[in-house]
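Notes for the structure review
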Amino acid sequence: MSDRSDAIVLFGATGDLAKKMLFPALVQLASDDLLPVRVIGVAASDWDDEQLREYARQSIVEYGDGDPDSPAVTRLLSVLSYVRGDYRRAETFEELSTRLDDAERPLLYLAVPPSLFASVIAGVVGIGLHEHSRIVIEKPFGRDLDSARELNRTVLDTFPEESVFRIDHYLGKEEVLDLLVFRLANTVLEPAWNRNYIDSVQITMSEAFGVDGRGRFYEEVGALRDVVQNHLLQVLSLVAMEPPIAADARALRDEKVKVLRAVRPVEPGDVVRGQFSGYLDEEGVAGDSDVETYIALKLFIDSWRWAGVPFYIRTGKHLPVTATEVLIEFKQPPQMFFADADAPPHPNHLMFRLKPGERVTLGMQINEAGEQLRSRNIDLTYAYSQEHEGQRQPAYARLFQEAIDGEQRLFARADGVEAAWHIVDRVLTEHPPSHAYEQGTWGPRAAEDLITCDGGWHDPASGGDDS
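Residues numbered from 1 in each chain as written. Predicted model: local features only at pLDDT ≥ 70, side-chain atom pairs only at ≥ 80, totals over all residues. Heavy atoms only, no water.

1. Quick notes on the overall build of the chain
The helix and strand inventory of the chain stands at 13 helices and 15 strands. Radius of gyration (C-alpha) of the chain: 24 Å, near the 23 Å computed for a compact globule of 467 residues. Dimensions of the chain, computed from C-alpha atoms along their principal axes, come out at roughly 80 × 50 × 40 Å. The burial tally for the chain puts 54% of its 467 residues in the buried class. Across the chain, contacts joining residues at least 24 apart in sequence account for 76% of those joining residues at least 6 apart. Of the roughly 20,600 Å² that the chain leaves accessible, carbon and sulfur atoms contribute 49%. Of the side-chain charges in the chain, 47 are positive and 77 negative, and the distance between the mean point of each set is 3 Å. (Helix = DSSP H or I, 4+ residues; strand = E, 2+ residues; numbered from the N terminus. Rg over C-alpha atoms; globule rule 2.2 N^0.38 Å. Buried < 20%, exposed > 50% of the residue type's maximum accessible area, 1.4 Å probe, protein only. Contact = heavy atoms within 4.5 Å. Areas by Shrake-Rupley, 256 points an atom, 1.4 Å probe, with all protein chains shown as cover. Lys, Arg positive; Asp, Glu negative; His and termini not counted. Charge placed at Lys NZ, Arg CZ, Asp CG, Glu CD.)

2. Points about the nonpolar core
Ranked by internal contacts, the top residues of the largest apolar core, which has 142 residues, are Phe11, Phe23, Phe311, Val326 and Ile328. Ranked by residue count, the leading element in this core is helix α8 (residues 215-240), at 13 residues. Excluding residues that lie within four positions of it along the chain, valine 326 makes contacts with Leu179, Val201, Gln202, Ile203, Val235, Val239, Leu350, Met351, Phe352 and Leu354. (Core = buried A, V, L, I, M, F, W, Y, C linked by side-chain atoms within 4.5 Å.)

3. What to know about the pattern of salt bridges
Scanning all chains against the criterion turns up 33 salt bridges. Notably, a salt bridge pairs arginine 305 with glutamate 242, separated by 2.7 Å at the nearest N-O pair. Placement of the pair is arginine 305 in the loop between β9 (294-300) and β10 (310-316) and glutamate 242 in the loop between α8 and α9 (249-262), with a sequence separation of 63 residues. Take arginine 305: its relative accessible area is 10%, and that puts it in the buried class. Salt-bridge contacts for glutamate 430 lead to arginine 426; the nearest nitrogen and oxygen are separated by 3.0 Å. In this structure glutamate 430 comes out as partly exposed when scored by relative accessible area, which is 41%. Residue arginine 426 is classed as partly exposed on the basis of its relative accessible area of 37%. (Salt bridge = Lys/Arg side-chain N within 4 Å of Asp/Glu carboxyl O.)

4. Points about helix α6 (residues 145-156)
End to end, α6 covers 16 Å across 12 residues, agreeing with the expected 16 Å (1.5 Å per residue, within 8%). Along α6, the positions that sit buried rather than exposed are Leu145, Ala148, Leu151, Asn152 and Val155. For α6, the arc enclosing every buried residue in end-on projection is 120 degrees, short of the 170-degree limit, so these residues lie on one face. Residues of α6 that are buried in the fold lie against α5 (117-126), β5 (134-138), β6 (164-167) and α12 (414-424). The distance from a side-chain oxygen at the start of α6 to the backbone nitrogen of aspartate 146 is 3.4 Å, and the residue carrying that oxygen is aspartate 144. (Expected span 1.5 Å × (residues − 1). Arc of directions from axis to C-beta. Polar contact = N/O pair within 3.5 Å; in protein donor to acceptor, adjacent residues only side chain to side chain.)

5. As for the packing of aromatic side chains
This model, assessed by the stated rule, comprises 12 aromatic pairs. On the numbers, 5.1 Å between centres and 90 degrees between planes, the contact of phenylalanine 165 with phenylalanine 411 is edge-to-face. Taken together, the residues span a long stretch of sequence, with phenylalanine 165 in strand β6 and phenylalanine 411 in the loop between α11 (395-405) and α12 at a distance of 246 residues. For the residue pair phenylalanine 165 and phenylalanine 411, the accessibility class agrees, reading buried in each case. The rings of Phe23, Trp47, Tyr55 and Tyr82 are connected pair by pair, giving a single aromatic cluster. It is arginine 314 that lies over the ring of tryptophan 442; its NZ or CZ is 4.6 Å from the centre. (Phe/Tyr/Trp six-rings, centres within 6.5 Å; stacked < 30°, edge-to-face > 60°. Lys NZ or Arg CZ within 6 Å of the ring centre and 35° of its normal.)

6. With respect to unusual backbone geometry
A cis amide bond, omega -20 degrees, links lysine 355 with the succeeding residue proline 356. Relative to the assigned elements, proline 356 resides in the loop between β12 (349-355) and β13 (359-367). Of note, the phi angle at histidine 318 is positive, near 55 degrees, even though the residue is not glycine. Tracing the backbone through its elements, the reader meets histidine 318 in the loop between β10 and β11 (323-330).

7. Let's talk about the sheet that holds β5
Spatially, the 6 strands line up as an open sheet ordered β3-β2-β1-β4-β5-β6, and their pairing is parallel. Where the open sheet ends on each side, the last strands, each with one partner, are β3 (80-84) and β6. Averaged over all neighbouring strand pairs, the angle between strand axes comes to 20 degrees, with direction disregarded. Sheet topology note: the strand β2 (residues 39-43)/β3 ladder contains 5 bridges and is parallel. Bridge assignment links isoleucine 40 to a residue of β3, and that residue is serine 81. (Pairing = 2+ DSSP bridges. Axes fitted to C-alpha atoms, helices over the stretch in contact; angles between N-to-C directions.)

8. Observations concerning the packing of helix α1 (residues 16-31) against helix α3 (residues 71-79)
Where α1 meets α3, the closest approach of the two axes is 8 Å, and the angle between their N-to-C directions is 110 degrees. The angle between the axes of α1 and α3 places the two elements in the roughly perpendicular class. On α3, the residues that touch Phe23, Leu26, Val27, Ala30 and Ser31 of α1 are Ala72, Val73, Arg75 and Leu76. Of the residues in the contact of α1 with α3, the class split is 7 nonpolar, 1 polar and 1 charged. (Parallel < 35°, antiparallel > 145°, perpendicular 65-115°, else oblique. Nonpolar A, V, L, I, M, F, W, Y, C, P; charged D, E, K, R; others polar.)

9. Notes on the environment of phenylalanine 11
Looking at where phenylalanine 11 falls in the secondary structure, it is placed in strand β1 (residues 7-11). Dropping the residues within four chain positions of it, phenylalanine 11 is found in contact with Val42, Tyr87, Phe93, Leu96, Leu108, Tyr109, Leu110, Ala111, Val112, Val120 and Val124.

10. A few points about the packing of α8 against α9
At a minimum axis distance of 9 Å, the contact between α8 and α9 shows a crossing angle of 105 degrees. One element, α8, and the other, α9, form an angle in the roughly perpendicular class. Residues Leu233, Gln234, Ser237, Leu238 and Ala240 of α8 form the contact with α9, whose own contacting residues are Lys256, Val259 and Leu260. For the contact of α8 with α9, a count of residues per class yields 5 nonpolar, 2 polar and 1 charged.

Right, dumping it as structure tokens:
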């Protein structure tokens with residue numbers, strides 16, 4: 001039997017995730033001639049095969065490359081079929097078994113709420129499908145540490161860890177993978193990549209938009225659960241992890257788990273929460289809601305490499321720009337021979353702009369033209385070219401391909417998920433109240449007091465090195 005999955009079962013095939021992300025990703029696989037010979041959608045909607053195919057076709061118009069009649073779309077529709085049924089009823093899975101026919105290693109994609117995981121897994125067990133399948137689980141992986149542990153127990157009681165793929169689309173982004181390669185493929189960085197030379201690290205994910213009509217959803221999660229516990233802690237782990245002994249899934253995930261376990265659990269005093277003006281008017285939002293639409297945290301990693309170096313994370317809605325970046329601030333030289341005493345230079349820094357305008361920038365000092373020796377700031381920047389951009393594989397397509405091939409490097413492991421929840425678990429419930437902030441600002445003023453490095457928070461809108 002080939003180790004590659006030869007069929008995809010998409011639970012939740014009529015949902016928004018399938019429409020916005022999964023069908024466009026499957027078309028990309030078809031374009032690359034990587035699509036399995038059978039794709040089966042399963043959902044409760046009263047549809048048939050043709051209605052699901054039309055739904056997939058429309059998803060390409062709205063969220064894909066826009067050509068619903070391309071050869072890749074035709075290829076996907078030719079292998080796409082639909083099973084309608086209740087996830088709690090055995091006949092749904094019996095019909096699925098019939099549709100799968102002689103598939104040897106299906107990939108089961110759970111694009112359904114976590115509350116349905118147990119029902120789907122029970123149905124899969126009922127037809128013996130778990131014995132030779134892989135399973136993909138969408139975030140959120142629980143709501144806190146206890147629920148994450150319970151979810152892992154539910155899944156791992158049926159599937160071995162090597163068959164479980166916990167998907168965080170951030171780990172499929174080319175820009176995030178570039179961060180890992182840049183760090184580990186350039187030996188010039190290693191001697192300075194530690195507490196002796198690095199003063200602080202900032203990770204910012206700002207969004208210029210709001211909750212976009214998803215007030216009811218956001219009331220259940222907030223910024224901490226939505227992107228910090230998963231996306232941004234994954235980015236932190238790539239910045240701070242030790243070099244692995246190999247490039248395989250086990251070695252890479254071992255190092256990520258090690259660094260997450262070394263992160264000191266966040267204290268309430270190291271958190272600033274905010275809520276944008278107008279959030280309470282959103283549909284589905286409680287009139288007295290304290291849910292954060294902005295959060296800033298200060299973290300420390302209790303390891304030999306990073307002891308004493310603060311890691312600052314912030315994210316929020318209705319901020320001035322939409323941008324994601326990582327800023328490594330180095331320490332000032334012990335003596336500033338060539339500095340203007342009234343305007344000390346900004347320290348050396350390394351900035352990874354993950355979106356938009358993807359680039360890597362190294363901030364340095366050179367001599368300013370004139371009679372005196374005086375340093376000035378310059379940025380050495382590599383911007384990803386349009387040619388490079390055209391070669392980039394969309395995150396969901398990359399992750400689909402990796403899961404089909406059984407490659408787990410870009411997926412979260414059970415102990416890593418639980419380690420990330422352990423970092424933020426206390427402040428999910430023990431935290432300061434949310435501060436109001438105006439739309440289009442950088443969040444509540446209290447966040448400025450959280451960061452103690454020279455210059456404060458870097459402004460992603462500036463395009464330069466000054467905050």
